[in-house]
Amino acid sequence: MKFTKMHGIGNDYVYVNCFEETVKDPNKTSRFVSDRHFGIGSDGLILIKPSDVADFEMDMYNSDGSQGAMCGNGIRCVAKYVYDYGLTDKTQISINTKSGIKYLDLTVEDGKVALVKVNMGAPDTIAKNIPIVSDKEQVIDEPILVDGKEYRMTGVSMGNPHAVVYIDDVKGLNIEKIGPKFENHKVFPDRVNTEFCKVLDDHTVEMRVWERGAGETLACGTGACAVAVASILNGYTKEEVTIKLLGGDLKIFWDRKENLVYMTGPATVVFDGEIEIPE
């Protein structure tokens with residue numbers, strides 16, 4: 001199987017061009033290629049496919065083999081791939097995902113995509129839609145008891161579920177211990193991605209993320225969007241926010257009039273390769 005290893009500010013995936021390749025068992029393949037000792041090493045697998053409803057289709061799988069609906073860093077890399085590898089010459093493209101069609105603007109420098117702006121769609125803050133089990137319509141700055149400690153969380157869906165939690169010390173957090181307990185908490189019937197955040201000022205937020213099915217990653221695009229939305233709803237920031245992740249920064253803008261979230265960030269090719277997938 002031919003592949004390309006790419007990352008969006010450290011959130012790395014193995015990308016397969018399914019115009020040319022066939023992946024018979026993507027769940028198993030994702031588990032294999034994601035292994036950083038016996039495989040290629042990644043946060044998961046992303047398949048780039050033809051689409052009847054958009055320019056391209058993105059099919060993503062987490063490192064544990066589970067299928068994801070949407071990945072903000074991943075979709076930027078798909079945009080870079082299809083332009084840099086000659087599948088399109090357009091700088092405005094559409095990509096179908098499990099959470100709907102996303103529209104992307106490509107900034108090209110010296111014939112290669114340098115930045116991608118993604119229309120991530122409308123955030124959903126209705127608890128039952130995220131889903132979060134709650135007797136309230138929205139979960140904004142609500143208490144949650146995890147491992148004997150009370151936290152305050154805000155729930156947002158960006159096509160996948162997020163719980164945004166504000167804490168005093170992001171860098172010192174033992175995320176390996178607390179992350180799984182949030183992910184598998186009974187109030188999240190589909191599990192949850194948890195963003196642990198600290199507001200630095202009214203346009204900057206620092207975050208770490210524990211992603212369901214993948215653990216801690218260096219970046220999460222949908223998570224950064226959820227953090228921006230949550231920070232605005234809680235009155236912490238203005239509508240344009242820089243989200244500082246372990247792998248780098250993302251620029252998020254929530255257009256409140258249109259109710260659309262825009263994410264801008266880089267995408268990087270690491271290397272191309274070919275690997276034999278075990279039966």
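Each remark here, short or long, concerns the structure printed above.
Below you will find a few notes about this structure. All residue numbers refer to position in the chain's written sequence, counted from 1. For this predicted model, a pLDDT threshold of at least 70 governs which residues receive local features, and a threshold of 80 or more governs which side-chain atom pairs are given and counted, while totals over whole chains, interfaces and linings are taken from all residues. Where side-chain values are given, they derive from all heavy atoms of the structure, hydrogens and water being excluded.

Some remarks on helix α3 (residues 175–183)
- Burial in α3 covers these residues: Ile 175, Ile 178, Gly 179, Phe 182 and Glu 183. One side of α3 holds all its buried residues, which, seen down the axis, span an arc of 135°.
- Where the residues of α3 are buried, they touch β9 (142–146), β10 (149–157), β11 (161–166), β12 (193–201), β13 (204–211) and β14 (215–217). Only protein chains enter the accessibility calculation, which uses a 1.4 Å probe. A residue is then buried if its area is under 20% of the maximum for its type, exposed if over 50%, and partly exposed in between. In this text, helices come from DSSP runs of H or I with a minimum length of four residues, and strands from runs of E with a minimum of two, each type numbered from the N-terminal end. This arc corresponds to the set of directions leading from the helix axis out to the C-beta atoms. Whether two residues are in contact is decided by their heavy atoms: any pair within 4.5 Å suffices.

Observations regarding the pattern of salt bridges
- Between Lys or Arg on one side and Asp or Glu on the other, a salt bridge is scored when a side-chain nitrogen of the former is within 4 Å of a carboxyl oxygen of the latter. Scanning the model with the defined rule gives 18 salt bridges in all.
- Across the salt bridge formed by Asp 12 and Lys 5, the nearest N and O atoms sit 3.4 Å from each other.
- Take Asp 12: its relative accessible area is 8%, and that puts it in the buried class.
- Here Lys 171 makes a salt bridge to Glu 206, at a shortest N to O gap of 2.7 Å. With Lys 171 in the loop between β11 and α3 and Glu 206 in strand β13, this pair connects stretches of sequence that are 35 residues apart.
- Owing to a relative accessible area of 66%, Lys 171 belongs among the exposed residues under this scheme.
- Since its relative accessible area comes to 13%, Glu 206 is described here as buried.
- Salt bridges sharing partners connect three or more residues here, namely Lys 5, Asp 12, Arg 36 and Asp 43.

Some words on the pairing of β13
- Along β13, 8 of the 8 residues are buried, which leaves the element largely enclosed by surrounding structure.
- Along β13, one buried face is formed by Thr 204, Glu 206, Arg 208 and Trp 210 and the opposite face, lined by Val 205, Met 207, Val 209 and Glu 211, is buried too.
- Strand pairing is assigned whenever DSSP detects at least two bridges linking the two strands. As paired strands, β12 and β13 are joined by 7 bridges and run antiparallel to one another. Bridging from a neighbouring strand, Val 199 pairs with Val 205 of β13.
- Hairpin connection between β12 and β13: a loop of 2 residues separates the two successive antiparallel strands.
- Of the pairings in the sheet, the one linking β13 to strand β15 (residues 240–245) comprises 3 bridges and is parallel in character. Looking at the pairing, Glu 206 lines up with Lys 244 of β15.
- For β13 and β14, the ladder comprises 3 bridges, and the chain directions are antiparallel. If you follow Trp 210 over to β14, its bridge partner there is Glu 216.

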